[in-house]
Amino acid sequence: MNRIELFKKHLDEKRAVKIISGIDNFNAETVKNVVTAAEIGGASAVDICYDEQIIKMVKEMTSLPVFVSSIVPEQLVNAVKLGADAIEVGNFDALYKKGKRVSANEVLDIVSKTLELIGENRPFVCVTVPGHIEISEQISLAMKLEEMEIDLIQTEGSATVTPDKSGARGLLQTAEVSISNTIELVRNISIPVMTASGITTTTAPMAFAAGACAVGVGSCVNKLNSTIAMIAVVKSLVESVSKVSSGEKINA
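I will try to describe carefully the structure that is included in this document. Everything numeric in this text was worked out from a predicted model, so none of it was measured.

What follows deals with the packing of helix H2 (residues 28–41) against helix H3 (residues 52–61). Taken N-terminus to C-terminus, the directions of H2 and H3 make an angle of 30 degrees; their axes are 11 Å apart at the nearest point. By the angle class used here, H2 and H3 are roughly parallel. At the point where H2 passes H3, the crossing takes the right-handed sense. Of H3, the residues touching H2 (which contributes Ala28, Val31, Lys32, Val35, Thr36 and Glu39) are Ile54, Met57, Val58 and Met61. In terms of residue class, the contact of H2 with H3 is made up of seven nonpolar, one polar and two charged.

Grouped together as the largest cluster of nonpolar side chains are 70 residues, with contacts concentrated most on Ile19, Ile48, Val58, Leu145 and Val221. In terms of residues, this core owes the most to one element, helix H11 (residues 227–245), which gives eight residues. If we ignore the near neighbours within four places in the chain, the residues touching Val221 are Ile19, Met230, Val233, Val234 and Leu237. Formed by 13 residues, the second largest nonpolar core is a distinct cluster that contains Phe67, Ala86, Leu152 and Met194.

It is worth spelling out the pairing of strand S6 (residues 152–155) at this point. Neither face of S6 is left uncovered, since the one carrying Leu152 and Gln154 and the one carrying Ile153 and Thr155 both have all their residues buried. Sheet analysis places strand S5 (residues 124–128) next to S6, joined by three bridges and oriented parallel. Residue Thr128 lies in a different strand from S6, and its bridge partner there is Gln154.

The next thing to look at is helix H4 (residues 73–81). Where H4 is concerned, the buried positions are Pro73, Leu76, Val77 and Ala79. Buried residues of H4, seen end-on, are gathered within an arc of 155 degrees and therefore sit on one face of the element. Residues of H4 that are buried make contact with H3, strand S3 (66–70), strand S4 (86–89) and helix H6 (104–118). Following H4 by one or two positions, Gly83 adopts a phi angle in the positive range, close to 110 degrees.

Moving on, we get to the side chain of Thr195. With respect to the secondary-structure elements, Thr195 resides in strand S7 (residues 193–196). For Thr195, a relative accessible area of 0% corresponds to the buried category. A distance of 2.7 Å separates polar atoms of two side chains, one belonging to Thr195 and the other to Thr182. Setting aside residues no more than four positions away along its own chain, Thr195 makes contact with Thr155, Ser178, Ile179, Thr182, Ala207, Ala212, Ala214, Val215 and Gly216.

Every second residue of S7 is oriented toward a common face, with Val193 and Thr195 on one face and Met194 and Ala196 on the other, all of them buried. Looking at chain direction, S7 and strand S8 (residues 214–217) are connected through three bridges and run parallel. Paired with Met194 across the bridge in S8 is Ala214. Handedness of the crossover joining S7 and S8 through helix H9 (residues 204–209) is recorded here as right-handed.

Let us now look at the environment of Val234. With respect to the helices and strands, the residue Val234 is situated in helix H11. The exposure class assigned to Val234 is buried, which follows from its relative accessible area of 0%. In this structure Val234 touches Ile19, Ala37, Ala38, Gly41, Gly42, Ala43 and Val221, once residues within four positions along its chain are discounted.

Position of Ile228 among the secondary structure elements: in helix H11. Placed 194 residues apart in sequence, Ile228 and Val34 show a C-alpha to C-alpha distance of 10 Å.

With that out of the way, let us pick up the state of the cysteines. A full pass over the atoms with the stated rule returns zero disulfides. The closest cysteine sulfur to the non-disulfide-bonded Cys126 is located on Cys213, 12 Å from its own sulfur. A residue is classified by how much of its surface remains accessible, and Cys126, at 0% relative accessible area, is buried. For Cys220, which is in no disulfide, the shortest distance to another cysteine sulfur is to Cys126 and amounts to 18 Å. With a relative accessible area of 19%, Cys220 lands in the buried category.

The rules we used
- Residues numbered from 1 in each chain as written.
- Predicted model: local features only at pLDDT ≥ 70, side-chain atom pairs only at ≥ 80, totals over all residues.
- Heavy atoms only, no water.
- Axes fitted to C-alpha atoms, helices over the stretch in contact; angles between N-to-C directions.
- Helix = DSSP H or I, 4+ residues; strand = E, 2+ residues; numbered from the N terminus.
- Parallel < 35°, antiparallel > 145°, perpendicular 65-115°, else oblique.
- Left-handed = near helix turned anticlockwise from the far one by under 90°.
- Contact = heavy atoms within 4.5 Å.
- Nonpolar A, V, L, I, M, F, W, Y, C, P; charged D, E, K, R; others polar.
- Core = buried A, V, L, I, M, F, W, Y, C linked by side-chain atoms within 4.5 Å.
- Buried < 20%, exposed > 50% of the residue type's maximum accessible area, 1.4 Å probe, protein only.
- Pairing = 2+ DSSP bridges.
- Arc of directions from axis to C-beta.
- Polar contact = N/O pair within 3.5 Å; in protein donor to acceptor, adjacent residues only side chain to side chain.
- Right-handed = clockwise from strand over helix to strand, strands pointing away.
- Disulfide = S-S within 2.5 Å.

Right, here's the structure in full:
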């Protein structure tokens, strides 16, 4: 079984966990720690920035499927040449922190140009639907992406939310938008949906209960200061997701 087939298997089983090091994380040591934690912790895939040296490093150090995220078509095409197992148009949170917004038309333009440049040898392709646009527009965009035979849709939403509570209540507030977007998209498209943005060990099972086939988890792992702590969180995530996959009930 090749790398991406492992991820597809976990998608089919509705238990895929993708660990995101960050579209703007170019610190090789930090990326290495996140990838190590993802592999030891039992994740389904890792998601890294576009950087030739980092892509080469990660491909050499892990057997996990490697997603490369960017909003630049030429970078995504080159990532495939460098060995990326999947490409992702998305993980826009880093842009939002800089005050930028990505429209549905911009997403379609990026995807169209990327696919045109890649040609017939298409890799696994994931596209993030911007969480800040109206849900009707998200659904319309997702339907168009489905027509383009995109393999996976990723939701988001935490950039639009400022939690007013701490602890579990705050985690729920952060994840609520992305999970709500997941529910709406799952109702309207047949391709798999991955819930990301603000997802943690606490809220990951809720994403799967909402119909997601995968979760993308970033800051609750990559913001930690030690590899040991990262591994512990990834293991906890995978275990919580496995409970949902096996049919165990999640307490509200």
